[in-house]
Amino acid sequence: MPAAARADNPIVQTIYTADPAPLVYNGRVYLYTGHDEDGSTNYTMRDWRVWSSADMVNWTDHGSPMSLSTFSWASSDAWAGQTVYRNGKFYWYVPVRMSSGGNAIGVGVSDSPTGPFRDALGRPLIQNSEIDPTVFIDDDGQAYLYYGNPHLWYVKLNADMISTNGSPAQIPLTTAGFGTRTGNTSRPTLFEEGPWVYKRNGLYYNVFAARCCSEYIAYSTATSPTGPWTFRGTVMASQGASFTNHPGVVDFNGGSYFFYHNGALPGGSGYTRSVAVEKFSYNADGTIPTLSMTTTGAPQVGTLNPYVRQEAETIAWENGVETEPSSEGGMNVGWIENGDNIKVKGVAFGAGATTFTARVASATSGGRIELHLDGVNGTLAGTCTVAGTGGWQTWATVTCPVSGATGTHDLYFKYTGGSGNLFNINWWQFAGTSGGDGGGNLLANGTMESGTSGWTVFGAGTLAGSNVAHGGSQALLLTGRTASWNGPAQDVTSKLTNGRSYATSVWVRSQSGTPSAKVTLAVTANGTTNYVQLTPAATVNANGWTQLSGAATVSWTGTLTGATLYVETAAGTDGLYLDDASLQ
């Protein structure tokens, strides 16, 4: 759908999204949403969607890993749910209308945060015609499922997350606990629907949609997960061209974020909604400040690295394009017409990019990708010509020269050509002036496309090329590790400057198991070796790639005689895959 503004809220513009449910996992925010069909005049919702971001502004579209068809017993109403992680799996609790009539809550389960999800039970988990499940796992490991409209219920979940411990209990909706509603004797409190329960500093928060219609967001707190609750006030007043709203609250990378929905996109309404986000800070006493919807949205966390493969469907703002499943996996950007464009925010080109590469397909005669800096008609850094490839999923790689792309800029892809659909794009990547992979990347063969060239083993193990790749066609695989500190490595002794801060990004997956991994730099000077942790540790697994990213200052005293970057684990000797690595 076309989008008229140059803002970053709503955070998704390719479709209408509703009922946000954020989850922080392995250094990214995964956002689970509903999907309002175009032109809806009721809650016409048939599937759920997943997005993710490492910086809160550039969001990657992971498509629809779960729909009504996932549940053989469901007929309609793919409404508001939430995903939680436990026991190495992801559980997505959703309300649907049953084929036999009435609403029920089902559970999808997956080994990956982006799915695909399957029906965990083959039947409803809860069946009492109420909606909007939210799940909270307390510090003692006890999980609670809350849900309801017009009532508010909770039930304890067993450790398997797909069975209940006892029967659902109704939470008393008192005016002291949930505020006073006027003019509706059947619903004397403000609670309407959409609870979101979490814990912070020993206090339990229940943020909910209040008093339809138009709804606003309010909250209550308690010292126990089951109450009694105390009403605390308004989080977000009624606003935003949608008569409903739905909250989601997470902490990420030292900040707190409030997700909601409105009707801000063209054609938006209470039935065609869009998810947005605001950053906020709790008051000193733990209360939540009153927030307003903005078109600015949350600030960017860090920058985006253009020297590793980026999915074309990673978008801060777009005009005109849509996405679809790609034959090469994941999603691709399509339905590109002349003048359409995508903004990617805060791209760190560093010392400078020299070439741009994209994976493209076209069933017509193609068109051009123009690379502009800081505006859709800003400085032109390069133009790539896309020729016809013989099909919309017949992929080819194109490369073109780039100039003037140094430092950090918002990057605009402007698409030009003839009439009708021009081409599709699956991914893109820049290369540059240093280290072969661009923009000050100090690692040789950071894309691993040249096999093991430039790479060695820190400790014991056998290093080989692998076609299990994150980007491109090649990655590295290290097997035969005999200690947790053994890992793929590269000597960077001649490339470091004393006292400088370096940004690191490496994509890792395990051959088996779920070890915690990190990137370390062994620095030897004057006969002493010190170890600098370049990235925070994160759990990796065999089902998908995990990005290890961070920044650290590297310094030493005396003469530097050795510096080796390597990937290690906290424990175990699982085989490790490595791809798309950069040190800037």
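Preceding this paragraph is the structure being described.
Each value, and the rule that gives it
- Residues numbered from 1 in each chain as written.
- Predicted model: local features only at pLDDT ≥ 70, side-chain atom pairs only at ≥ 80, totals over all residues.
- Heavy atoms only, no water.
- Helix = DSSP H or I, 4+ residues; strand = E, 2+ residues; numbered from the N terminus.
- Buried < 20%, exposed > 50% of the residue type's maximum accessible area, 1.4 Å probe, protein only.
- Disulfide = S-S within 2.5 Å.
- Core = buried A, V, L, I, M, F, W, Y, C linked by side-chain atoms within 4.5 Å.
- Contact = heavy atoms within 4.5 Å.
- Salt bridge = Lys/Arg side-chain N within 4 Å of Asp/Glu carboxyl O.
- Pairing = 2+ DSSP bridges.
- Axes fitted to C-alpha atoms, helices over the stretch in contact; angles between N-to-C directions.

This brings us to unusual backbone geometry. Of note, the amide linkage connecting Asn9 to Pro10 takes the cis form, showing an omega dihedral of -5°. Here Pro10 lies in the segment before β1 (16–25). In this structure, Asp19 takes a positive phi of about 55° despite not being glycine. On the basis of relative accessibility, which here comes to 7%, the residue Asp19 falls in the buried class. The backbone of Asp580 sits at a positive phi, close to 45°, despite the residue not being glycine.

This next bit is on the state of the cysteines. All chains considered together, the criterion is met by two disulfides. Between the sulfur atoms of Cys384 and its disulfide mate Cys400 the distance is 2.2 Å. Residues Cys384 and Cys400 share a disulfide whose torsion about the S-S bond is about -110°; that sign makes it left-handed. You can see Cys384 sitting in strand β30 (residues 379–386) and its partner Cys400 sitting in strand β31 (residues 391–401), a full 16 residues away along the chain. Look at Cys400 and you get buried, because its relative accessible area is 5%. With its disulfide-bonded cysteines labelled consecutively along the sequence, the chain is connected as 1-2, 3-4.

Moving on, we come to the nonpolar core. One finds Tyr32, Trp48, Val207, Phe258 and Ile288 to be the most contacted residues of the largest nonpolar core, which totals 40 residues. Those residues in contact with Val207 that lie beyond four places of it in its chain are Gly194, Pro195, Trp196, Tyr198, Ile217, Ala218, Tyr219, Val235, Pro247, Val249, Phe258 and Ile288.

Next up on the list: the pattern of salt bridges. Should the charged atoms of two oppositely charged side chains come close, the side chains can pair. One pass over the full model with this rule turns up 13 salt bridges. A salt bridge links Asp8 to Lys345; the nearest nitrogen and oxygen atoms lie 2.6 Å apart. Separated by 337 residues along the polypeptide, Asp8 in the segment before β1 and Lys345 in strand β27 (residues 341–348) bring together distant segments of the chain. The exposure class assigned to Asp8 is buried, which follows from its relative accessible area of 8%. In this structure, Asp77 and Arg97 form a salt bridge, with 3.6 Å as the shortest nitrogen-oxygen distance.

A separate point is the pairing of strand β28 (residues 353–362). Counted residue by residue, β28 has eight buried out of 10 residues, so it is predominantly covered. As paired strands, β28 and strand β33 (residues 424–432) are joined by eight bridges and run antiparallel to one another. The residue bridging Thr355 from the neighbouring strand is Ala431, located in β33. Alignment of β28 against β31, held across seven bridges, turns out to be antiparallel. Bridge assignment links Thr355 to a residue of β31, and that residue is Pro401.

As a further point, take the environment of Pro299. Looking at where Pro299 falls in the secondary structure, it is placed in the loop between β21 (274–280) and β22 (310–311). For Pro299, a relative accessible area of 44% translates into the label partly exposed. When residues no more than four places from it in sequence are discounted, the contact partners of Pro299 are Asp55, Met56, Val57 and Lys279.

Here the focus is the sheet that holds strand β15 (residues 191–200). Within a beta sheet, neighbouring strands are joined by backbone hydrogen bonds and run either parallel or antiparallel to one another. Taking strand neighbours across the sheet as the criterion, the four strands line up as β15-β16-β17-β18 in an open arrangement whose pairing is antiparallel. Each edge of the open sheet carries a strand with a single partner, namely β15 and β18 (230–236). The sheet shows a mean angle of 25° between the axes of neighbouring strands, taken without regard to direction. Examined bridge by bridge, strand β17 (residues 216–222) and β18 share five bridges and lie antiparallel to one another. Its bridge partner being in β18, Ile217 is matched across the sheet by Met236.

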